[in-house]
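Inside the fold
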Amino acid sequence: MKTGHAARRRQRDRRGFILVTTLGAALLLLTSGYMWLAGVNQAPRPAVGGPFALTQDDGRPVTDQSFRGKYLLIYFGYTACRDVCPLTLASVTEALDVLGAKADAVQPLFITVDPQRDTAAVMHPYVAAFTPRLIGLTGAPEALRRVAREYRVSAVQHAGDDPARYLIDHSSVLYLVGPDGRYLAPIRADSTGTAMAQDLARYLS
Ligand code: NI
């Protein structure tokens, strides 16, 4: 009988242990689930944007500080791009026309993802053909990689292309930065000039 009692007690202890462990695990799951949800709700928006030191298409060195006081409308691309860049820059040009006097507060910037070919001399006539407002920015490959990283822009050169005529796959988003240098919002790059002007007008004071 003694052994029977002992066996039952062991069984009871084991059940108790399993119950406590299960409850504990459930509590832990609930708590961590709650903390995770709370964390998600409180998480700050991921940082976009940051400082840069580049060269304007007129050859002058500039930094992000050079443009304080203006809204920046930043687009990343390259002059040899066949469709997306020219279409986007045409829409930006149209949007600024639609905005009229409000557009004076906006400085559009075209930052190259192709430092190898997009020298200031190459970019200058390219951007001027869209609008004299548009400024092209180039620079050292590392400086351009850094600013692209800050804006979460991906740019991947096609492998196996003719080394002189390669294409680059790149993100296509317009970034609106406030006069204080802080990132405000993404602006759709694939919309018409009129739609883009409406998007922008919501942020321009
Ligand atoms: Ni492009």
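Residues numbered from 1 in each chain as written. Predicted model: local features only at pLDDT ≥ 70, side-chain atom pairs only at ≥ 80, totals over all residues. Heavy atoms only, no water.

**Considerations on the pairing of strand E5 (residues 135–138)**
Residues Ile135 and Leu137 of E5 are buried on one face, and the alternating residues Gly136 and Thr138, pointing to the opposite face, are buried as well. Looking at chain direction, strand E1 (residues 53–56) and E5 are connected through two bridges and run antiparallel. Bridge pairing in E5 places Thr55 opposite Thr138. As defined by bridge partners, strand E4 (residues 106–112) adjoins E5 across three bridges and the pair is classed as parallel. Opposite Leu109, over in E5, you have Ile135 as the bridge partner. Crossover connection from E4 via helix H3 (residues 120–130) to parallel E5: handedness right-handed. (Buried < 20%, exposed > 50% of the residue type's maximum accessible area, 1.4 Å probe, protein only. Helix = DSSP H or I, 4+ residues; strand = E, 2+ residues; numbered from the N terminus. Pairing = 2+ DSSP bridges. Right-handed = clockwise from strand over helix to strand, strands pointing away.)

**Section: the coordination of the nickel ion**
Coordination of the nickel ion by the protein involves Cys81 (SG), Cys85 (SG) and His170 (NE2), with metal-donor separations of 1.9 to 2.2 Å. Between consecutive donors of the nickel ion, the numbers of intervening residues give the motif C-x3-C-x84-H. Placement of the pair is Cys85 in helix H2 (residues 84–99) and His170 in strand E7 (residues 168–170), with a sequence separation of 85 residues. The class for Cys85 is buried, based on a relative accessible area of 0%. Overall, the relative accessible area of 16% leaves His170 in the buried class. (Donors = N, O, S within 2.8 Å, 3.2 Å for Na, K, Ca; no water.)

**Quick notes on the side chain of Ser191**
Within the fold, Ser191 resides in the loop between strand E9 (183–187) and helix H5 (193–201). Not counting chain neighbours up to four residues away, the residues in contact with Ser191 comprise Ser91 and Met196. (Contact = heavy atoms within 4.5 Å.)

**Considerations on the pairing of strand E8 (residues 174–177)**
Neither face of E8 is left uncovered, since the one carrying Leu174 and Leu176 and the one carrying Tyr175 and Val177 both have all their residues buried. As defined by bridge partners, strand E3 (residues 71–77) adjoins E8 across four bridges and the pair is classed as antiparallel. Within the sheet, the bridge partner assigned to Leu72 lies in E8 and is Val177. Here E8 pairs with E9 via four bridges, running antiparallel. Counted as the bridge partner of Tyr175 is Pro186 from E9.

**Thoughts on the environment of Ala143**
With respect to the secondary-structure elements, Ala143 resides in helix H4 (residues 141–150). Take Ala143: its relative accessible area is 23%, and that puts it in the partly exposed class. Between the C-alpha atom of Ala143 and that of Pro115, which follows or precedes it by 28 residues, the distance is 9.8 Å. When sequence neighbours within four positions are dropped, the list of residues in contact with Ala143 reads Ala53 and Leu54.

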